Amino acid sequence: MTPPVVLTIAGSDSGGGAGIQADLKTFAALGAYGASVITAVTAQNTLGVTAIHPIPIEVVAAQLDAVLDDLPVAAVKVGMIGDPAVAELIASRFDRLPNLVVDPVLVATSGARLAESASVAPLVTYPCVLTPNRQEAGALVGAPVETVEEMAAAAEQLTGKGARAVVVTGSEAAVDVLRCDGTTTTLRGEPVGTVNNHGSGCTFSSAIAVRLAAGDPVPVAVRSAKRYVTSALAGGRDWRLGAGPGPLNHFGF
């Protein structure tokens, strides 16, 4: 059987734990065929990011059109954009990007600031599935987001701007809030005791995209992705790769 094609538009992580690398591993682990459009090359490892080189917009556009002109893309995950021009490019191709999942990569799990909210603003008004962590949700709504109540309020505000659905993730607490079809749901999971959580947000949004490509409704896709991330965190918790927070085990289930 031919697998569904899922496209990732994101930055490259030289350490292999997040970004394009995490996305493609997630796609493969869950039975999808992964294609990619690289928006930036980063120099990073488990200790952090030391350099970012944005890919010229015309090269990003050429990659995107090459994929869309040939492959039957069933879902699209957007990660690190960095430049509002890239967001506008994606928006201009919106009618060719089914089941769009946008992970607004603004703040890393470590708390490091990676981009400004303006870089993703052109996409927030489109009917995508938006997956910010608490800090990113706060940046997008312009107010602190810490509690479950604040997560719910941010999710409602962001869907009010046009998003198809919003999942505000709670990271280490394993509590996420989903706003979809006018309903807010608190999703509680089992926290995994591990320092190896690098790329968890990328993995979550990529897993949602795979399940949407398979035809799942948004709430089912989100719950499935949450279970997958939990298993990937558990599968890699004993790994010792690098001196800082390591990656997930995408094939550890």
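Residue positions within a chain follow its written sequence, with the count starting from 1. Only residues with pLDDT of 70 or above have their local features reported here, since the model is predicted, and side-chain atom pairs are shown and tallied only from 80 upward, although totals for entire chains, interfaces and linings are computed over all residues. No hydrogens and no water enter the side-chain calculation; it runs on all heavy atoms of the structure.

Q: Looking at this structure, I do not really get the pairing of strand E4 (residues 73–78). What am I missing?
A: Accessibility here uses a 1.4 Å probe with only protein chains present; expressed as a share of the type maximum, an area under 20% marks a residue as buried, one over 50% as exposed, and anything in between as partly exposed. Secondary structure elements are defined from DSSP: runs of H or I of at least 4 residues count as helices, runs of E of at least 2 residues count as strands, and each element is numbered from the N terminus. Of all six residues in E4, six are buried, a share of seventy percent or more. Pairing between two strands requires that DSSP report at least two bridges joining them. Inspection of the sheet shows strand E1 (residues 5–13) paired to E4 by five bridges, in the parallel sense. Residue pairing for E4: Val5 is matched across the bridge by Val73. Two elements, E4 and strand E5 (residues 100–102), share three bridges in a ladder whose sense is parallel. The residue of E5 that forms the bridge with Val76 is Leu100. We call a crossover right-handed when, viewed with both strands directed away from the observer, the connection leading from the first strand over the helix to the second proceeds clockwise. Each parallel crossover has a hand, and the one from E4 via helix H3 (residues 84–92) to E5 is right-handed.

Q: So what exactly am I meant to see when it comes to the nonpolar core here?
A: Most often, soluble globular proteins have nonpolar side chains that are buried together. Among buried residues, the Ala, Val, Leu, Ile, Met, Phe, Trp, Tyr and Cys ones that are joined through side-chain atoms within 4.5 Å form a nonpolar core. Judged by nonpolar contacts, the single largest core of 42 residues is most densely connected at Leu7 and Val78. Contacts are residue-level and defined by heavy atoms, with any inter-residue pair within 4.5 Å sufficient. Those residues within four positions of Leu7 in sequence are excluded, and the remaining contacts are Phe27, Ala35, Ser36, Val37, Leu64, Val67, Val73, Ala75, Val76 and Lys77. Counting residues in each nonpolar core, the second largest holds 30 residues, with Phe204, Val210, Ala213 and Val222 among its members.

Q: Would you explain unusual backbone geometry in this entry?
A: For residues that are not glycine, phi is negative in most cases, and the peptide bond is trans in most cases. Unlike most non-glycine residues, Asn99 shows phi in positive territory, near 50 degrees. Considering the arrangement of structural elements, one finds Asn99 in the loop between H3 and E5. For Asn99, a relative accessible area of 25% corresponds to the partly exposed category.

Q: What am I meant to see in H3 here?
A: In an α-helix, one full turn covers 3.6 residues, which means residues spaced three or four apart are oriented alike. For H3, the complete set of buried residues consists of Val86, Ala87, Leu89, Ile90 and Ala91. Those residues of H3 hidden inside the fold are in contact with E1, strand E2 (33–45), helix H2 (57–68), E4 and helix H4 (121–124). Throughout this description, a polar contact denotes any pair of N or O atoms lying within 3.5 Å of each other; where both atoms belong to protein, one of them has to be capable of donating a hydrogen while the other can accept it, and for residues adjacent in sequence the pair is counted only when both atoms sit in side chains. Where H3 begins, the capping side chain belongs to Asp83, and its oxygen is found 2.9 Å from the backbone nitrogen of Ala85.

Q: What am I meant to see in the side chain of Thr8 here?
A: When you line up the elements, Thr8 lands in strand E1. Overall, Thr8 belongs to the buried group, its relative accessible area being 0%. A distance of 2.6 Å separates the side chain of Thr8 from the side chain of Asp23, its partner in a polar contact. Setting aside residues no more than four positions away along its own chain, Thr8 makes contact with Ile20, Asp23, Leu24, Phe27, Ala35, Ser36, Val37 and Lys77.

Q: Is there a simple way to explain the environment of Asp69 in this structure?
A: Tracing the backbone shows Asp69 in the loop between H2 and E4. Taking the C-alpha atoms as reference points, Asp69 and Arg96, separated by 27 residues in sequence, lie 9.8 Å from one another. A distance of 2.8 Å separates polar atoms of two side chains, one belonging to Asp69 and the other to Arg96.

Q: Help me understand the packing of helix H1 (residues 19–29) against helix H7 (residues 200–213), please; the structure alone is not making it clear to me.
A: If you want to describe how two helices pack, look at the angle between their axes and the distance between the axes. Only the stretch in contact is used when fitting a helix axis, every axis being a line fitted to C-alpha atoms; angles between N-to-C directions are given from 0 to 180 degrees. At a minimum axis separation of 9 Å, H1 and H7 run at an interaxial angle of 40 degrees. Classified by the interaxial angle, the pair formed by H1 and H7 is oblique. Regarding H1 and H7, the two cross each other, and that crossing is right-handed. Along its contact with H1, which presents Gly19, Ala22, Asp23, Thr26 and Phe27, the element H7 presents Cys202, Thr203, Ser206, Ala207 and Val210. In the scheme used here, Gly and all other residues not listed as nonpolar or charged are polar, with Ala, Val, Leu, Ile, Met, Phe, Trp, Tyr, Cys and Pro taken as nonpolar and Asp, Glu, Lys and Arg as charged. Residues that form the contact of H1 with H7 fall into these classes: five nonpolar, four polar and one charged. Here the angle decides the label: under 35 degrees means roughly parallel, over 145 means roughly antiparallel, 65 to 115 means roughly perpendicular, and every other value means oblique. Crossing handedness is read from the near helix: turned anticlockwise from the far helix by less than a right angle, it gives a left-handed crossing, and turned clockwise, a right-handed one.

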